[in-house]
Amino acid sequence: MVRTPLTPQERRRGERLGELLRQARGGRSMVEIAASAGISAETLRKIETGRAPTPAFFTVAALAGALGLSMDEILTGCVQEPDAVPLAG
């Protein structure tokens, strides 16, 4: 199975997710948050650095819970480009 390359927008969305998670983590360790979310610290590291820009929904939901974020906060912080203009439709 060949994986379709990510678009530049998907890469930027992954970078925004990583930044949002790093900010929410604050002074807490990666190990602490990863354990609380039930994932490895390496997985969290990859997500935070943008090397895993499309994590599974349940991984994101677990991290949101561990960090005290709502899924709405994740969505708002990651999906839209900061300077995007909404499409008419």
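Residues numbered from 1 in each chain as written. Predicted model: local features only at pLDDT ≥ 70, side-chain atom pairs only at ≥ 80, totals over all residues. Heavy atoms only, no water.

### Side note on the overall build of the protein chain
Helices and strands together make up the secondary structure of the protein chain, namely 5 helices and 0 strands. Counted from the first residue to the last, the protein chain has its helices and strands arranged as α-α-α-α-α. Taking all 89 residues of the protein chain together, the buried fraction comes to 29%. Sequence separation of 24 or more characterises 67% of the internal contacts of the protein chain that already satisfy a separation of 6 or more. (Helix = DSSP H or I, 4+ residues; strand = E, 2+ residues; numbered from the N terminus. Buried < 20%, exposed > 50% of the residue type's maximum accessible area, 1.4 Å probe, protein only. Contact = heavy atoms within 4.5 Å.)

### Comments concerning the confidence of the model for the protein chain
In this model, the protein chain carries an average pLDDT of 88, and 89% of its residues clear a pLDDT of 70 or more. Per-element mean pLDDT across the protein chain ranges from 91 in helix α5 (residues 71-78) up to 97 in helix α2 (residues 30-37). (pLDDT = per-residue confidence, 0-100.)

### A few points about the layout of surface pockets
A water-sized probe rolled over the atoms picks out the places where empty space is left. As a volume, the largest pocket reaches approximately 230 Å³. The wall of the largest pocket is formed by 13 residues, among which Arg13, Leu17, Val60, Ile74 and Cys78 lie closest to the centre. Those elements that place two or more of their residues in the lining of the largest pocket are α1 (8-25), α4 (57-67) and α5. At 4 residues, the largest contribution of residues to the lining of the largest pocket is made by α5. When the residues that make up the lining of the largest pocket are grouped by side-chain class, the tally is 10 nonpolar, 2 polar and 1 charged. (1 Å grid on protein atoms, 1.4 Å probe; cavity = no way out; pocket = protein on both sides within 12 Å on 5 of 7 lines; lining within 4 Å. Points joined across faces, edges and corners; volume = space filled by probe spheres on them. Nonpolar A, V, L, I, M, F, W, Y, C, P; charged D, E, K, R; others polar.)

### What about a nonpolar patch on the surface?
A cluster of nonpolar residues, Phe57, Phe58 and Met71, forms a patch on the protein surface that exposes about 360 Å² of accessible area. The topology assignment puts phenylalanine 58 in helix α4. (Patch = residues over 30% accessible without salt bridge, like charges linked within 9 Å, V, L, I, M, F, W, Y side chains within 5 Å. Areas by Shrake-Rupley, 256 points an atom, 1.4 Å probe, with all protein chains shown as cover. Salt bridge = Lys/Arg side-chain N within 4 Å of Asp/Glu carboxyl O.)

### Structural notes on the environment of proline 55
Counting through the fold element by element, proline 55 comes out in the loop between α3 (41-49) and α4. For the pair proline 55 and leucine 17, spaced 38 residues apart in the sequence, the C-alpha separation amounts to 9.7 Å.

### What to know about the nonpolar core
In terms of nonpolar packing, the biggest core is built from 18 residues, with Leu17, Leu21, Leu44, Leu63, Leu69 and Ile74 touching the most fellow members. If you list the elements that add at least two residues to this core, you get α1, α2, α3, α4 and α5. Each residue touching leucine 21, except ones within four places of it in the same chain, is listed here: Ile47, Glu48, Leu63, Leu67, Leu69 and Ile74. (Core = buried A, V, L, I, M, F, W, Y, C linked by side-chain atoms within 4.5 Å.)

### A word on the side chain of arginine 25
Take arginine 25: it is sitting in helix α1. Owing to a relative accessible area of 14%, arginine 25 belongs among the buried residues under this scheme. The residues touching arginine 25, leaving out its near neighbours within four places in the chain, are Met30, Ile33, Leu44, Glu48 and Leu67.

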